[in-house]
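Chain and residue survey
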Amino acid sequence: MKVQFYKYQGTGNDFIMIDNRDEKFSGLTRAQIAKICQRRFGVGADGLILLEDSDEHDFKMVYFNSDGRQSSMCGNGGRCILQFVYDLGMTQENYAFTAIDGLHHGVVDRDEVCLEMTNVKAVELLQNGDLFLDTGSPHYIVFADTLPGDDFIAKAKDIRHSERYNEQGVNVNFVKVSPRLLEMRTFERGVENETLSCGTGVTAAAISSYHSGKITSNIIDVETSGGKLQVKFKANGNGYTDIWLIGPATRVFEGEIEV
């Protein structure tokens with residue numbers, strides 16, 4: 001079977017987009033998806049996203065990690081699919097679409113794609129001083145004076161495979177707080193490696209930094225290995241609402257692959 005695909009990236013977080021509004025590719029197996037995402041024998045990507053029709057909203061997003069498993073919300077993937085539908089000719093002022101974690105809104109504005117994230121109900125302070133929260137995907141936050149170097153993957157894997165998180169997995173973020181912005185590195189479950197950027201991780205880092213009093217502004221710039229994103233939000237008791245992830249999303253190329 002030939003699959004028409006489009007490659008997109010958002011601050012280095014790259015995705016294979018497939019237009020599945022005719023449901024032609026609904027039968028893709030986990031092995032096929034993993035093969036397409038494989039960087040040496042396939043197209044290569046952190047994940048694969050199906051664009052599907054929705055009866056109630058503009059479209060539906062179905063996201064798979066590069067291991068072929070359907071996964072929780074992907075923030076940069078959400079921004080990339082907004083740019084994708086815009087490039088397909090679905091140009092409008094605002095978008096509403098569904099993903100695995102519910103309803104999202106979005107705006108494509110010149111060089112920026114703005115995605116409304118799901119509300120964060122709580123931020124958990126762990127006994128060791130690290131933080132845990134769910135921004136559509138589960139994230140573990142470690143604040144550090146200096147970001148880890150070559151030992152980052154090993155440190156992240158220790159947390160990801162710890163007794164509490166081993167079965168379901170967790171995304172691990174090391175965050176350095178600077179006066180004007182956050183710097184961070186992210187290890188993603190499903191990818192099982194570092195990604196250049198993670199939208200839900202950036203959101204988690206920004207909210208955690210505000211929640212812990214390390215930053216007082218609710219508009220926060222975040223520098224990832226793949227580029228800069230911005231997060232805006234409103235504090236609502238112990239939770240957070242009106243959360244927006246903002247940054248570039250770019251079409252890289254398109255093609256066909258036999259699976």
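Bear in mind that the values here come from a model prediction, so they are computed numbers and not experimental data. (Residues numbered from 1 in each chain as written. Predicted model: local features only at pLDDT ≥ 70, side-chain atom pairs only at ≥ 80, totals over all residues. Heavy atoms only, no water.)

1. With respect to the pairing of strand 9 (residues 131–134)
Where strand 8 (residues 124–125) lies against strand 9, two bridges are found, and the strand directions are antiparallel. Bridge pairing in strand 9 links Leu125 to Leu131. Linking two consecutive strands that pair antiparallel, namely strand 8 and strand 9, is a turn of five residues; a positive phi of about 95° is found at Gly129 within it. In this sheet, strand 10 (residues 138–143) lies alongside strand 9 in antiparallel orientation, the contact comprising four bridges. Paired with Phe132 across the two strands is Tyr140, which belongs to strand 10. Following strand 9, the chain reverses through three residues before pairing antiparallel with strand 10; Gly136 in that reversal takes a positive phi of roughly 110°. (Pairing = 2+ DSSP bridges. Helix = DSSP H or I, 4+ residues; strand = E, 2+ residues; numbered from the N terminus.)

2. Observations concerning unusual backbone geometry
The phi dihedral of Arg110 falls on the positive side, at around 55°, and the residue is not glycine. Take Arg110: it is sitting in the loop between strand 6 (102–109) and strand 7 (112–116). A relative accessible area of 79% means that Arg110 is categorised as exposed. (Buried < 20%, exposed > 50% of the residue type's maximum accessible area, 1.4 Å probe, protein only.)

3. Remarks on helix 3 (residues 152–160)
Three or more residues of helix 3 are buried, namely Phe152, Ala156, Ile159 and Arg160. In a view along the axis of helix 3, the buried residues occupy a sector of 95°, so they form one face of it. As for helix 3, its buried residues are in contact with strand 10, strand 11 (171–177), strand 12 (182–188) and strand 13 (193–195). (Arc of directions from axis to C-beta. Contact = heavy atoms within 4.5 Å.)

4. So, the layout of surface pockets
Each pocket or cavity is described by its volume, and for the largest pocket that value is around 230 Å³. Forming the boundary of the largest pocket are Ala34, Cys37, Gln38, Arg39, Arg40, Ala45, Asp46, Ser66, Val191, Asn193 and Glu194. Elements represented by at least two residues in the lining of the largest pocket include exactly helix 1 (30–37) and strand 13. Partitioning the lining of the largest pocket into residue classes produces four nonpolar, three polar and four charged. Approximately 150 Å³ is the volume attributed to the second largest pocket. Taken together, 13 residues make up the lining of the second largest pocket; nearest its centre are Asn65, Arg69, Ser71, Gln168 and Arg189. Residues that form the lining of the second largest pocket fall into these classes: no nonpolar, seven polar and six charged. (1 Å grid on protein atoms, 1.4 Å probe; cavity = no way out; pocket = protein on both sides within 12 Å on 5 of 7 lines; lining within 4 Å. Points joined across faces, edges and corners; volume = space filled by probe spheres on them. Nonpolar A, V, L, I, M, F, W, Y, C, P; charged D, E, K, R; others polar.)

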